[in-house]
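Spelled out, the chains give:
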Amino acid sequence: MPTIVGRVARAPMAASALPDHDVLSTTPGRPYDEPMNAYLWKSNSVIAPFGDAVSDVLIANETLRERQRRTLEKLGLTVHETEDPDAITDREFLLVRDDLYFNQTAAKRFLDRAREADESVVCALEQGPFTEFTAFLQNLDGDTDPDSGDPLVLYGMYFCRAPAGSRTLPGSYRPLKIPARQRAHEIAPGDFVPTSVGISFTPAISDAMVMHVRHWTHLWLINLLVMGTTLLRRFTANRLALVWRVLSALSFNRQKIARRFVIKGKGCRIHPTATVEGCVLGDRVSIGAYSIVRGCILGDGVRINEQSIVTGSVFGEAATCSPRGWAKACVIYPAAVAGKIQACMVGHKAFLASPAHFIDLKFQGTIKVTHQGEIVDTGMNFLGACIGHEAVVGADVWVAAGREIPNGALLVKPPGDILSKIPADLPPGRAAAVRNSEACLVDEAGRNPPDSADN
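All of these numbers come straight from a predicted model, not from anything done at the bench. (Residues numbered from 1 in each chain as written. Predicted model: local features only at pLDDT ≥ 70, side-chain atom pairs only at ≥ 80, totals over all residues. Heavy atoms only, no water.)

This part covers the overall build of the protein chain. Secondary structure summary: the protein chain contains 6 helices and 41 strands in total. Put simply, the protein chain has 455 residues, and 48% of those count as buried. With the model as given, the accessible surface of the protein chain reaches about 22300 Å², and the carbon-plus-sulfur share is 53%. (Helix = DSSP H or I, 4+ residues; strand = E, 2+ residues; numbered from the N terminus. Buried < 20%, exposed > 50% of the residue type's maximum accessible area, 1.4 Å probe, protein only. Areas by Shrake-Rupley, 256 points an atom, 1.4 Å probe, with all protein chains shown as cover.)

Quick look at the packing of aromatic side chains now. Under the counting rule described, the total for this entry stands at 4 aromatic pairs. Where Tyr158 meets Tyr173, the ring centres are 6.0 Å apart and the plane angle is 80°; that geometry is what we call edge-to-face. Taken as a pair, Tyr158 in strand β12 (residues 151-161) and Tyr173 in the loop between β12 and β13 (174-177) lie far apart in primary sequence, 15 residues in all. An aromatic cluster is defined as three or more aromatic residues linked by ring pairs; in this entry it consists of Trp41, Tyr158 and Tyr173. (Phe/Tyr/Trp six-rings, centres within 6.5 Å; stacked < 30°, edge-to-face > 60°.)

Ranked by size, the top nonpolar core spans 74 residues in total, and within it Leu94, Phe110, Met157, Trp220 and Met345 carry the most contacts. Per element, the largest residue contribution to this core is 11 residues, and it comes from helix α4 (residues 216-236). Listed in part, the 36 residues of the second largest apolar core include Ile287, Val293, Ile341 and Val346. (Core = buried A, V, L, I, M, F, W, Y, C linked by side-chain atoms within 4.5 Å.)

In this section: the pattern of salt bridges. Following the criterion strictly, the structure yields 19 salt bridges and no others. Of the charged contacts in the structure, one is a salt bridge between Glu81 and Arg69, with a shortest N-O distance of 3.9 Å. Placement of Glu81 in strand β7 (residues 78-82) and of Arg69 in helix α1 (residues 64-74) is noted, with a sequence separation of 12 residues between them. According to the relative accessible area criterion, Glu81 is buried, its value standing at 10%. Taking relative accessible area as the criterion, Arg69 reaches 25% and is therefore assigned partly exposed. Between Lys177 and Asp145 there is a salt bridge, with its nearest N and O atoms 3.4 Å apart. (Salt bridge = Lys/Arg side-chain N within 4 Å of Asp/Glu carboxyl O.)

Let us look at a nonpolar patch on the surface. On the surface, a nonpolar cluster with roughly 320 Å² of combined accessible area is contributed by Leu419, Ile422, Leu426 and Val434. Position of Ile422 relative to the elements: it lies in the loop between β39 (410-411) and β40 (432-435). (Patch = residues over 30% accessible without salt bridge, like charges linked within 9 Å, V, L, I, M, F, W, Y side chains within 5 Å.)

Read across the sheet, 8 strands follow the order β17-β20-β23-β26-β28-β30-β35-β38 without closing on themselves; strand pairing throughout is parallel. Of all the strands in the sheet, just β17 (262-263) and β38 (404-405) have a single pairing partner and so form its edges. In this sheet, strand β23 (residues 297-298) lies alongside strand β20 (residues 279-281) in parallel orientation, the contact comprising 2 bridges. Note that in β23 the partner of Leu281 across the bridge is Leu298. The sheet contacts of α4 involve β17, β20, β23, β26 (314-315), β28 (331-332), β30 (345-346), β35 (386-387) and β38, and relative to β20 the element is tilted by about 95°. (Pairing = 2+ DSSP bridges. Contact = heavy atoms within 4.5 Å. Axes fitted to C-alpha atoms, helices over the stretch in contact; angles between N-to-C directions.)

Along the chain, the position of Arg67 falls in helix α1. For Arg67, a relative accessible area of 12% corresponds to the buried category. If near-sequence neighbours (up to four positions away) are discounted, Arg67 is found in contact with Ile59, Ala60, Glu62, Tyr101 and Val226.

Note on placement: Gln372 falls in the loop between β33 (368-371) and β34 (374-377). On the accessibility criterion, Gln372 (68% relative accessible area) is exposed. Along the chain, Gln372 and His215 lie 157 residues apart, while their C-alpha atoms are 9.1 Å from each other.

Quick look at the pairing of strand β41 (residues 438-441) now. Regular strands show a simple pattern: their side chains alternate between the two faces of the sheet. Of the strand pairs in this sheet, β40 and β41 are connected by 4 bridges, and their pairing is antiparallel. When the sheet's bridge partners are listed, Ala433 is paired in β41 with Cys440.

This part covers the confidence of the model for the protein chain. Per-residue confidence for the protein chain gives a mean pLDDT of 86; residues scoring 70 or more make up 83%. Across residues 1-33, where pLDDT falls below 50, the model places 58 contacts with residues more than four positions away in sequence or in other chains. (pLDDT = per-residue confidence, 0-100.)

Inspection of the secondary structure assignment puts Pro179 in the loop between β13 and β14 (182-184). For Pro179, a relative accessible area of 36% corresponds to the partly exposed category. The contact partners of Pro179, leaving out residues within four places of it in the chain, are Arg109, Arg113 and Ala208.

When you tally the buried positions in β12, you get 10 out of 11 residues, the bulk of the element. Note that strand β10 (residues 121-126) and β12 share 5 bridges and pair antiparallel. In the strand pairing of β12, Val121 is matched with Phe159. Taken together, the 3 bridges between strand β11 (residues 142-144) and β12 define a ladder with antiparallel strand orientation. Directly across from Asp143, in β12, lies its bridge partner Leu152. Two successive antiparallel strands, β11 and β12, enclose a turn made up of 6 residues, where Gly149 displays a positive phi of approximately 80°.

Structure follows, in structure tokens:
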């Protein structure tokens, strides 16, 4: 029989015991003097190619489960896990699928409005730039706003009413639209891709952010969105500190001001010739000579070697960027080594040789990925690859856009293309090329002599 994990007895708690901005709004005439329970509905789904339970995937170096719990607890909720919502005996409770990422703004707006409703409801966003940008591979249900008739997108967050045995299924709940400021951001020509190539999608953000994690592309995208909002929040939360950072630059030069927007942990070592702007650094982060690091979150012990370029990326604990490497719009799991990549997802302890090549752009058409055994179109023409945990990609290996490399895979250059046999009588001044691992003379027409097997 399914059991509820972590069930504890509820005890009354005065609203004054919680910060004012985190307490759930109280409907007039309906006192709310004890905490409500929230349940994470376990799905046992995993994210390929990592094989990780969806609740254990990392978002800005924190598991999805930890983020869900922290967000809900800030709203005064007591969080549990369940595999069977029908076993819950509470008369009112919040039910959240374990693959749903949501920020505090979205959760609070939904809860405030759900408390005022007289029935069970499901969280919905009005169809807009953000829902369209993030919808691929989520298999989301749609509906219409019962009041305005606007098209809605439904997400796995439910406010449930009535005791067990008398509740309807969450799929039949009335949609409850929460306000969200969805804004599209066009990619300027020359950003990430050549000016001659058009981008097939329009990135967008929302102040109320809700998105399911059902594919590695979702995990990659959520990390980048959360990274951006985290940096913005960390640098603008304290207005006095914000003004001080600007004034302390002693210049109106944008680059000099940007260098003041760096939050460093303990024991960080940044070479004087390195440029670091708009970043949050963990403890013991090392950044080498002439490296450029912009708009990133770097975990504890991250090492950015000399002459590297790292922008708009998340690096996990003890991850490394190789000398003269680059990582742009990438998510690097702990202890991984990145070479030269863009728009990629790299698993735990994976190693990418610097001369390995990852294609991240499709000049015509859009990039397809594998999802649940099928080839599915992402609708994007800019996307790198996903490298599994402890996988190794050697020098001169070319990986197509959107591909998944399994955990523990070892990819190397064809041995026949590596020179291992060099004739002692190789004449000086004559061109030679590698053929079946051997240096062979090139004829006057620029061709290798044929093997005996070709005759």
